[in-house]
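One-letter residues, chain by chain:
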Amino acid sequence: MEQLKLNNGQMIPQLGLGVFKVEDPEELKRSVAAALQNGYRHFDTATIYHNESLLGEALAESDVKREELFITSKVWNNNTTYDDTINAFHESLKQLKTDYLDLYLIHWPSEGYNEKWRAMESLYNDGLIKAIGVSNFEQPHLEKLLATAKVKPAVDQLETHPYFQQKELHAYLKDLDIAHEAWGPLGQGKSNVLQDPVLVKIAEAHNKSVAQVILRWHLQRDIIVIPKSVHPERIAQNIDVFDFNLTAEEMALIATIDQKQRGSGDPNDEAFLKSSMSRV
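Note that this is a predicted model, so its numbers are computed, not measured.

Cut-offs and rules
- Within each chain, residue numbers correspond to sequence positions counted from 1 in written order.
- For a predicted model such as this one, the threshold for reporting local features is a pLDDT of at least 70, and the threshold for listing and counting side-chain atom pairs is 80 or more; totals across whole chains, interfaces and linings nevertheless cover every residue.
- With hydrogens and water excluded, all non-hydrogen atoms of the structure serve as input to the side-chain values.
- Site definitions follow a grid-based scheme: protein atoms alone, a 1 Å grid, a 1.4 Å probe that fits but cannot get out for cavities, and for pockets an open set with protein on both sides within 12 Å along at least five of seven lines, plus lining residues having an atom within 4 Å of a point.
- Grid points are joined across faces, edges and corners, and a volume is the space filled by probe spheres set on the points.
- Think of it this way: any DSSP run of H or I at least four residues long counts as a helix, any run of E at least two long counts as a strand, and we number them from the N terminus.
- We call Asp, Glu, Lys and Arg charged. Ala, Val, Leu, Ile, Met, Phe, Trp, Tyr, Cys and Pro are nonpolar, and the rest, Gly among them, are polar.
- We call two strands paired when DSSP finds no fewer than two bridges between them.
- In this description, a line fitted to the C-alpha atoms serves as the axis of each element, helices being fitted only across the stretch in contact, and the angle between N-to-C directions of two axes falls anywhere from 0 to 180 degrees.
- Orientation categories follow fixed angle ranges, with anything under 35 degrees roughly parallel, anything over 145 roughly antiparallel, 65 to 115 roughly perpendicular, and all other angles oblique.
- The contact definition used throughout considers only heavy atoms, calling two residues in contact when any of these lie within 4.5 Å.
- UniProt positions are given in the numbering used here, feature names are shortened, and annotations may be inferred rather than shown by experiment.
- Nitrogen and oxygen atoms within 3.5 Å of one another constitute a polar contact, given that in protein one can donate a hydrogen and the other can accept it, and given that sequence-neighbouring residues count only through two side-chain atoms.
- Exposure above 30% relative accessible area and the absence of a salt bridge qualify a residue for a patch, where like charges join within 9 Å and nonpolar side chains (Val, Leu, Ile, Met, Phe, Trp, Tyr) within 5 Å.
- Residue burial considers only the protein chains on display, and all accessible areas are found by Shrake-Rupley using a 1.4 Å probe.
- Just to be clear on terms, a salt bridge is a Lys or Arg side-chain nitrogen sitting within 4 Å of an Asp or Glu carboxyl oxygen.
- For this count, His and the chain ends are skipped, Lys and Arg are scored as positive, and Asp and Glu as negative.
- Charge placement uses NZ in Lys and CZ in Arg. For Asp and Glu, CG and CD serve respectively.
- When accessible area is computed with a 1.4 Å probe and restricted to protein chains, residues below 20% of their type maximum are described as buried, those above 50% as exposed, and intermediate ones as partly exposed.
- With its strands directed away from the observer, a crossover is right-handed exactly when the path from the first strand over the helix to the second travels clockwise.

Draft legend 1. Broad picture of the layout of surface pockets. Estimated volume of the largest pocket: approximately 1000 Å³. Lining the largest pocket are 40 residues, with Phe20, Trp183, Gly184, Gln188 and Lys228 sitting closest to its centre. Where the lining of the largest pocket is concerned, the elements lending two or more residues are α8 (210–220) and α9 (232–239). The greatest single-element share of the lining of the largest pocket, amounting to three residues, is contributed by α9. Among the residues forming the lining of the largest pocket, the class breakdown is 17 nonpolar, 15 polar and eight charged.

Following this line, the structure appears as structure tokens:
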């Protein structure tokens, strides 16, 4: 497993397992067991996924030591104040059956994110979180956050895949030394990216699947990836991407297929952000 060093010196496994929408206990337990068996140590959840307790149970039942794991969760949009955020964090710790998190993120740039950040800085300074960051923040959101922040975000987790490559934001994050993490790295099944002829041809050349080529492309861009799967064979396949490299020519070819095609929520859509605050 390759690791990246975050801007505060913490190391993060560059590939992990996302558990978005996995709410069936047996399915989640089976997925986590398969992931651990195949060498995964990085797990990404969120309060709004309603599975922190299931993930906590699955990890607690394994024989992998806590210090070998990297656990991420996220504070949801209905928490708008300092106290809300502190309380939400401690509830996440309880659900995950741990006394610290490796990474805690603001899920979306909805109302109150500067206050959330102030609370997260306090938790970070108290040693309860190893690194703090954001999710779905674009340049204007980051500029507003950095205007008052005392701790720079270590990570920005963004929708990123070959049809939505986030090139400008990727370069901005690189200049700020904020790690780019990709959610939906394989396109979430909402596009035909897995059938793209450019990617199919590259996959054939390496005797790999298109999904493996996409994950390798992310890794070579210094992006952290958290592909979600509940199928043990795909979980095993997704981590089998450290034995080959894409050429500079192949990376350049993939750059040409960007459609700037967002598949999910837009962080610039104020109506979306406002409506999300009523979800719990």
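Draft legend 2. View of the sheet that holds strand β9 (residues 179–183). Taken together, the eight strands give an open sheet; going across it, the order is β3-β4-β5-β6-β7-β8-β9-β10, and neighbouring strands pair in parallel fashion. At either end of the open sheet lies a strand with only one pairing partner, and these are β3 (17–18) and β10 (224–225). With three bridges joining them, strand β6 (residues 103–106) and strand β7 (residues 132–135) adopt parallel strand pairing. Note on β7: the bridge partner recorded for Ile106 is Val134.

Draft legend 3. Region of interest: the packing of helix α5 (residues 139–146) against helix α6 (residues 167–176). Packing of α5 against α6 leaves a shortest axis separation of 11 Å and a crossing angle of 25°. Relative to α6, α5 is oriented roughly parallel. Here Gln139, Leu142, Glu143 and Leu146 of α5 come into contact with α6, specifically with Leu169, Tyr172, Leu173 and Leu176. Classifying every residue of the contact of α5 with α6 by side-chain character gives six nonpolar, one polar and one charged.

Draft legend 4. Spatial organisation of the UniProt feature "active site" (unreviewed entry) in the chain. Those residues carrying the UniProt feature "active site" (unreviewed entry) are Tyr49 in this numbering. Tracing the backbone through its elements, the reader meets Tyr49 in the loop between β4 (42–44) and α2 (52–60). Once residues lying within four places of it in the same chain are set aside, the contact partners of Tyr49 are Val19, Phe20, Glu23, Asp44, Lys74 and His107.

Draft legend 5. Focus on the UniProt feature "site: Lowers pKa of active site Tyr" (unreviewed entry) in the chain. The UniProt entry lists Lys74 under the feature "site: Lowers pKa of active site Tyr" (unreviewed entry), expressed in the numbering used here. Within the secondary structure layout, Lys74 lies in strand β5 (residues 70–75). Residues in contact with Lys74, not counting those within four places in the same chain, are Asp44, Thr45, Ala46, Thr47, Tyr49, Tyr104, Leu105, His107 and Gln157. Among the polar contacts made by the side chain of Lys74, one reaches the main-chain carbonyl oxygen of Thr45 at a distance of 2.8 Å.

Draft legend 6. Representation of a positive patch on the surface within the structure. Residues Lys21, Lys190, Lys228 and Arg279 make up a contiguous surface patch of positive charge. Here Arg279 is to be found in the segment after α11 (270–276). Overall, the relative accessible area of 44% leaves Arg279 in the partly exposed class.

Draft legend 7. Expanded view of the pattern of salt bridges. This model, assessed by the stated rule, comprises 12 salt bridges. In this structure, Glu2 engages Arg216 in a salt bridge whose closest nitrogen and oxygen atoms are separated by 3.9 Å. Of the two residues, Glu2 sits in the segment before β1 (3–5) while Arg216 sits in helix α8, which places them 214 residues apart along the sequence. Among the residues examined, Arg216 registers a relative accessible area of 5% and is labelled buried. Here Asp258 ties to Lys167 by a salt bridge, and the two come within 3.9 Å at their closest N and O atoms. In this pair, Asp258 sits in the loop between α10 (248–255) and α11 while Lys167 sits in helix α6, placing the two residues 91 residues apart along the sequence.

Draft legend 8. Local environment of empty space enclosed by the protein. Enumeration according to the criterion identifies one cavity of 30 Å³ or more in this entry. For the largest cavity, the calculated volume is near 30 Å³. Residue lining of the largest cavity: Asn136, Glu138, Leu158, Glu159, Gln166, Arg262 and Pro267, and that is the complete set. Residue classes in the lining of the largest cavity are distributed as two nonpolar, two polar and three charged.

Draft legend 9. Here's a closer look at the pairing of strand β8 (residues 155–159). Counting buried positions over the five residues of β8 gives five, a clear majority of the element. Where β7 meets β8, two bridges bridge the pair, whose relative direction is parallel. Looking across to β8, one finds that Ser135 is bridged to Gln157. Chirality of the crossover, the property in question, places the unit of β7, α5 and β8 among those that are right-handed. The sheet contact formed by β8 and β9 spans five bridges and is parallel. Residue pairing in the sheet places Asp156 in a bridge with His180 of β9. In the classification by handedness, the crossover that spans β8, the intervening α6 and the parallel β9 is right-handed.

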